[in-house]
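# Report on the structure
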Amino acid sequence: MKILVKLAAGLVVAAAFMGNAANAQTVLRSSDTHPDGYPTVEAVEYFGELVKERTAGRYSVEVYHSAQLGEEKDTIEQVRSGVIELNRVSMAPFNGTVKESIVPALPYLFRSEEHMHKVMDGAIGDQIKTAFESAGVVVLAFYDAGARSFYNKQKPISSVADMKGLKFRVIQSDIFVDMVAALGANATPMPYGEVYSGIETGVIDGAENNFPSYDTAKHFEVAKNYSLDEHTILPEVFVMNKAVFDKLTPEVQEIFKQAAKDSVAKQRELWAAKVKESRAKVEAAGAQITTPEKQGFIDAMKPVYEKHVTDAVLKKMVEDVRAVQ
Ligand code: GTR
């Protein structure tokens, strides 16, 4: 109820803003699935502070964390249609809508987080940003999400063979479904908020994510075998409804872009610290971290590339990514 009232209030302000009321104070609403204090939540809040300061209070941001506005697939629809103005999500749930967003989701394409940064901060990142506009959103920033790895409640994974028959929740993207199938396991795409109970009740054996998500969503409590296979170094994306962005003056657009850029530097710092903190916390709580034989995982990914990297644009992008040193 409280949220609905808040959203209704926001709409009134947004209406004033659409009418170009120069002095109106506009509150932009942003969604995040993560809890308060998570690096992405903090980064968007920081972005909001900078925007507020640099527009002398004309624009501010309210972050609805902890999936208050819904799961990522739903909030993506909200930001595309303008029900909310901003959203911070993983790139993966965009895979079915923005073809180019597939590239960073491809397993073992990035060699390291440094490689991912170089690619996403450069021309290929710009190409991906432009592609998002066809979905009605402007990309303000790519944020770090480290590497995703599998965890499960049944057994430690030391090689691909151990994956056989296990049931994993995957993020909602066909790439992930096919990746798990290629490893001999079964994939169930489901919203993030259902994973804990899914593992607890045995609907699934586990899931895949980075340490901060494994920690803050408390999945370590129900799936203690975490295998560092690091299959995907998939960045987050912070987007804004394009129609709303286009209505800003060029000067304010610049302020938004610069504030987003500044928030990236901040998020990367927060992220690095959070990975260490979360890893230490889950280990202390009894999580068993193993490093499986990785080459087997890499070799198994061929069918994923064969199925998803089919057209000339994606083939070229994959080549370009590999060529970035
Ligand atoms: C996290 C990501 C979230 C969400 C989640 C998931 O790593 O930060 O935005 O996509 O994964 O698996 O659903």
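The sections below set out a description of the structure shown in this document. (Residues numbered from 1 in each chain as written. Predicted model: local features only at pLDDT ≥ 70, side-chain atom pairs only at ≥ 80, totals over all residues. Heavy atoms only, no water.)

## Considering the overall build of the protein
When its secondary structure is counted, the protein shows 14 helices and 11 strands. Over its C-alpha trace the protein gives a radius of gyration of 20 Å, about what one expects of a compact globule, namely 20 Å for 325 residues. Expressed as lengths along the three principal axes of its C-alpha atoms, the size of the protein is roughly 60 × 45 × 30 Å. Within the protein, buried positions represent 54% of all 325 residues. Sequence separation of at least 24 residues holds for 75% of the intrachain contacts in the protein that already meet a minimum separation of 6. (Helix = DSSP H or I, 4+ residues; strand = E, 2+ residues; numbered from the N terminus. Rg over C-alpha atoms; globule rule 2.2 N^0.38 Å. Buried < 20%, exposed > 50% of the residue type's maximum accessible area, 1.4 Å probe, protein only. Contact = heavy atoms within 4.5 Å.)

## Some points on the site of the ligand
The immediate surroundings of the ligand are formed by 13 residues, with His34, Glu72, Arg169, Asn209 and Glu236 found nearest. A distance of 3.3 Å separates an oxygen atom of the ligand from a polar atom in the side chain of Asn210. Bound to the protein, the ligand loses 99% of the 320 Å² it would expose on its own. Grouping the amino acids of the shell around the ligand by side-chain chemistry returns 2 nonpolar, 6 polar and 5 charged. (Near = heavy atom within 4 Å. Polar contact = N/O pair within 3.5 Å; in protein donor to acceptor, adjacent residues only side chain to side chain. Areas by Shrake-Rupley, 256 points an atom, 1.4 Å probe, with all protein chains shown as cover. Nonpolar A, V, L, I, M, F, W, Y, C, P; charged D, E, K, R; others polar.)

## Some words on the pattern of salt bridges
Counted under the stated rule, the structure contains 19 salt bridges. Of the charged contacts, one joins Lys99 and Asp311 as a salt bridge, the two residues approaching to 2.9 Å between their closest N and O atoms. With Lys99 in the loop between strand 3 (86-90) and helix 4 (102-105) and Asp311 in the loop between helix 13 (302-308) and helix 14 (312-323), the pair connects residues that are 212 residues apart, well separated along the chain. Judged by its relative accessible area of 32%, Lys99 falls in the partly exposed class. (Salt bridge = Lys/Arg side-chain N within 4 Å of Asp/Glu carboxyl O.)

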